[in-house]
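Architecture and fold: a report
Here is how the chains run, residue by residue.
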Protein chains: 2
Amino acid sequence: MVSSKDVAKKAGVSQTTVSRVLNTPELVKKPTVDKVMRAIEELNYIPNANARSLVQNKTKTIALLSGPIHNPFFVDTTTAIINYANEKGYRVHVQYVDDERLQEAYTSILENKVDGVILSCIFWEDPMFFKLKQLDIPFITYNRKHKNNEFFVEIDNFYAGYLSAQHLLELGHTAISWVGGPQNRSTFKERYAGFIKALEDYNIAKNDDYIFTVDTSKQSIQDLFQHITSLDKQPTGICAATDSIALHLLDCFITKNLKVPDDISIIGIDNVDLSKHGMIQLTTVGSILEENLGFLAIKELFEMIENKKNSCVRITKPVKVFNRRTTSAPKQTIK
Amino acid sequence: MVSSKDVAKKAGVSQTTVSRVLNTPELVKKPTVDKVMRAIEELNYIPNANARSLVQNKTKTIALLSGPIHNPFFVDTTTAIINYANEKGYRVHVQYVDDERLQEAYTSILENKVDGVILSCIFWEDPMFFKLKQLDIPFITYNRKHKNNEFFVEIDNFYAGYLSAQHLLELGHTAISWVGGPQNRSTFKERYAGFIKALEDYNIAKNDDYIFTVDTSKQSIQDLFQHITSLDKQPTGICAATDSIALHLLDCFITKNLKVPDDISIIGIDNVDLSKHGMIQLTTVGSILEENLGFLAIKELFEMIENKKNSCVRITKPVKVFNRRTTSAPKQTIK
DNA sequence: AATAAAAATGGTTACGTATTCATTTTGTTG
DNA sequence: CAACAAAATGAATACGTAACCATTTTTATT
């Protein structure tokens, strides 16, 4: 590998000067710059970012631990995050984490000495939260948050769950199902709590036969679909904890020639881009503002990285219902 | 920052021994291992991957330069690629490249001394191809290929374009539009050529008023939609060069209350996962096999990285039509 | 022309690790 | 218990860069 020393020798200058030509050329005389640049060209020299990181103790890299992009929410956020970071001249280590490989992902970001971490995969109780804090690594969570209630950007999950249920309740549904995910994630936990609160406010008894938990995989949602359609008394409406779940369910119902919303109403949460598609038109709950959570989060992260801002970030965005075409009043005749 | 030297001091051993405990513990006596591990715990020591990379001259990192994931094709491939690499113990630098930032992305991967590169963003004539070859960095392109016809995994783009046109021709369409992208990408170039060949074979005169090029952005597709619907004599069918384009067009038509396929037929190419969704059911052309291109490519890349395989990879997958619900015979009465 | 100030360049070192080679310790065998 | 092999450990070095401090060269000022 050709190093800056090789360039120095070729150009007849010191390695220090080569370094200066690349980093602070204004401190080097024009002819010297030219000489060095010529040597760089001839030798096809490429600086080694690892070596630079070692001495500078910064990597110009951030780590993104995202949920899987078969969930369109993470498609929207990933794009926003990477583009913003790249504009700032940073590279992004992306990992789409599932639960099994979470620990490896955590280890990897610690060993690679990234300048900042942005993650959506944090659990309600997650030791990594304290690790990052202790090591003084700038970080922020988006979508989910840690129970410590610090360094996060989220939507108002409780109210989103509430609005989701309320929407169906106001349409006249009483047999309403909840399809959520594991409660060790703040999103599922709080959205569910909001859903339950709405039922209470409307004096609808909570029916445990209608409360479901999936692991958010396509398979588990298909299994659930089988179960729901085999029930004696089926729900007339489904509150899905995420658009991703809602979209999968939608696919199941439609594929089995059931009509949405005629046979069943479905409402999601997140208002992902895909839900707006003319062929989909998913009714959902999402942030009032256009900017997605990933974008808000990465901006905050860079505040912390570049401006050493350390006032704690706690952002919760208000939400509203986006009324589209997958919900309606229930059929009069309930089987 | 706490280093292995600090651990060594604390444990009362040499730095060499600390290194051995972490990398080849079988060469170290049990009590020594324990001593060192205890020191590591107490000091919260985390190895520095950059320093390791520097001395070992490998980074356990690959770079993925992907097309943007607002194109669902790259959602499917990105997931496959990252998961496979992570399983192999590699990290992935992901960049979703647009044309402006391509050069920065290239620079970044060269300076960071990644162990391999997988990219979909290469141009038909792209100097980076030779740069990577010259530097002896293992690399592979998927989706697109370079004109040198080496190190790629693709679908049979020419035949895909051909089948796409043939599908509409066989349905009886004669006023068929092509919506493609810039010709400096092998995919657009060859799919278009196939499309043209089909027209010839069916003795349909090529009509330049029906041949369109977009930059694949949502905006440019909306603009094109405006143009198409304002034509005196509108096409009855559209061959979109990618599913991504097809899906955007679909959105435009549906949103304006036009019926697909009753008012217009649309066929894509790529057979992305989303096209199978019950609410979408996009007719498209895609690989006969289930495995996506990203997965095939990353497997090949690891062959090159780990087994020093250097026989040149040239993979072209056969394609077929996936006949779904966005195409039909044209209406009898053509405006 | 003398002097001071500023600009340009170079020598040396540190970053944190793995590796190479040398040395010490332990274990084995007769 | 000697002799030797094997196992365990350590000292020194290299990786490629930026930064610090020292030195030389140039420019400006009188």
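Along each chain, residues carry numbers from 1 onward, in the same order as the chain's sequence is written. The naming scheme follows written order: chains are lettered A onward, ligands numbered 1 onward. With the structure being a predicted model, the display of local features is reserved for residues of pLDDT at least 70 and the display and counting of side-chain atom pairs for 80 or more, all residues being used for whole-chain, interface and lining totals. As a rule here, side-chain values cover all heavy atoms of the structure and leave hydrogens and water aside.

An unreviewed UniProt entry lists chain A under the name Transcriptional regulator, with Lysinibacillus macroides as the source organism.

Further remarks concern the sheet that holds strand β8 (residues 237-240) of chain B. All names here are of chain B. Any two strands between which DSSP finds at least two bridges are classified as paired. Helix and strand assignments follow DSSP, with helices taken as H or I runs no shorter than four residues and strands as E runs no shorter than two, numbered in order from the N terminus. Strand order in this open sheet of 6 strands is β7-β6-β8-β9-β10-β12, and the pairing throughout is mixed. Edge positions in the open sheet fall to β7 (211-213) and β12 (319-322), since each of these has one partner strand only. Neighbour to neighbour, the strand axes of the sheet diverge by 20 degrees on average, direction disregarded. In the sheet, strand β9 (residues 265-269) pairs with strand β10 (residues 283-287) via 3 bridges, with the strands oriented parallel. Bridge pairing in β10 links I267 to T283. Every residue pair with non-hydrogen atoms within 4.5 Å of one another is taken to be in contact. Working convention: axes come from line fits to C-alpha atoms, limited for helices to the stretch in contact. Angles between N-to-C directions cover 0 to 180 degrees. Of the strands in this sheet, β6 (176-180), β7, β8 and β9 are in contact with helix α9 (residues 186-201), which crosses β6 at around 170 degrees.

Turning next to the interface of chain B and chain A. Listed per partner, the contact involves 49 residues of chain B and 49 residues of chain A. Buried area adds together the accessible area that both of two parts lose upon being put together, with accessible area traced by a 1.4 Å probe. Buried surface at the junction of chain B and chain A, summed over both partners, amounts to about 4,600 Å²; 56% is from carbon and sulfur atoms. Considering only the side of chain B, the residues that lose the most area to chain A are B:I46, B:N50 and B:M279, jointly responsible for 15% of the buried surface there. Whenever a carboxyl oxygen of Asp or Glu lies within 4 Å of a side-chain nitrogen of Lys or Arg, that contact is scored as a salt bridge. If you look at where chain B meets chain A, you find 4 salt bridges. Here A:E111 and B:R52 are joined by a salt bridge, their closest N and O atoms 3.9 Å apart. Between N or O atoms, a polar contact is any pair within 3.5 Å; within protein, one atom must be a potential hydrogen donor and the other a potential acceptor, and residues adjacent in sequence are included only when both atoms are from side chains. Run the count over chain B and chain A and you get 21 residue pairs in polar contact (both at pLDDT 80 or more). When contributions to the side of chain B that touches chain A are tallied by element, the ones reaching two or more residues are α4 (49-56), α5 (72-87), β2 (91-96), α6 (102-111), α7 (127-135) and α11 (243-255) of chain B.

This part is about the domain arrangement of chain A. Note: domain ranges come from an automatic or database domain assignment. Looking at the assigned domains, one finds that chain A contains domain 1 (1-39), domain 2 (56-155 + 290-317) and domain 3 (157-288). Between domain 1 of chain A and domain 3 of chain A, the C-alpha centre-to-centre distance is 63 Å.

Let's shift gears to the protein's contact with DNA strand C. The nearness test applies per residue and asks whether one of its heavy atoms lies within 4 Å of the molecule or strand. In the vicinity of DNA strand C, 30 residues are found, and the nearest of them are A:T17, A:T32, B:S4, B:S19 and B:Y45. The sugar-phosphate backbone supplies 60% of the atoms of DNA strand C found within 4 Å of the protein. At 2.4 Å from a phosphate oxygen of DNA strand C is found a side-chain nitrogen or oxygen belonging to A:T32. B:S4 places a polar main-chain atom, nitrogen or oxygen, 2.5 Å from a phosphate oxygen of DNA strand C. For the surface near DNA strand C, the elements supplying multiple residues, two or more each, are α2 (15-23) and α4 (49-56) of chain A together with α1 (4-11), α2 (15-23) and α4 of chain B.

Right, let's get into the UniProt feature "domain: HTH lacI-type" (unreviewed entry) in chain A. UniProt positions are given in the numbering used here, feature names are shortened, and annotations may be inferred rather than shown by experiment. The positions UniProt marks with the feature "domain: HTH lacI-type" (unreviewed entry) are residues 2-56 of chain A. Strand forms 0% of residues 2-56 of chain A and helix 71%; the C-alpha atoms that close the span are 21 Å apart.

DNA strand D sits among 29 residues. The nearest are A:S4, A:S19, A:Y45, B:T17 and B:T32. Among the atoms of DNA strand D close to the protein, meaning within 4 Å, 58% are from sugar or phosphate groups. Measuring from a phosphate oxygen of DNA strand D, one finds a side-chain N or O atom of A:R52 at 3.0 Å. At a separation of 2.7 Å, a base nitrogen of DNA strand D approaches a polar side-chain atom of B:R20. Elements represented by at least two residues in the surface near DNA strand D include exactly α1 (4-11), α2 and α4 of chain A together with α2 and α4 of chain B. Broken down by element, the residue count for the surface near DNA strand D peaks at 5 residues, all from α4(A). Polar here means any residue other than Ala, Val, Leu, Ile, Met, Phe, Trp, Tyr, Cys and Pro, which are nonpolar, and Asp, Glu, Lys and Arg, which are charged; Gly is therefore polar. Its residues assigned to classes, the surface near DNA strand D comprises 12 nonpolar, 13 polar and 4 charged.

What follows deals with the packing of aromatic side chains. Aromatic contacts are taken between Phe, Tyr and Trp rings whose centres are within 6.5 Å, Trp giving its six-membered ring; a plane angle under 30 degrees counts as stacked, one over 60 as edge-to-face, and the others as tilted. Inspection of the entire model under this criterion finds 24 aromatic pairs over all chains. A centroid spacing of 5.6 Å and a plane angle of 85 degrees characterise the contact between A:Y84 and A:F295, whose relative ring orientation is edge-to-face. Here A:Y84, found in helix α5 (residues 72-87), pairs with A:F295, found in helix α12 (residues 293-307); they are 211 residues apart in sequence, far enough to count as distant. Residue classification places A:Y84 among the buried positions, given a relative accessible area of 17%. With a 1.4 Å probe rolled over the protein chains alone, any residue whose accessible area is under 20% of its type maximum counts as buried; one over 50% counts as exposed, and the rest are partly exposed. Overall, A:F295 belongs to the partly exposed group, its relative accessible area being 24%. Between B:F74 and B:Y142, the aromatic rings sit 6.5 Å apart at their centres with planes inclined by 70 degrees, giving edge-to-face as the arrangement. Of this pair, B:F74 sits in helix α5 while B:Y142 sits in strand β4 (residues 139-142), and the two are 68 residues apart along the sequence. For B:F74, a relative accessible area of 6% translates into the label buried. Among the aromatic residues, those joined into a cluster by ring pairs are A:Y84, A:Y90, A:F295 and A:F302.

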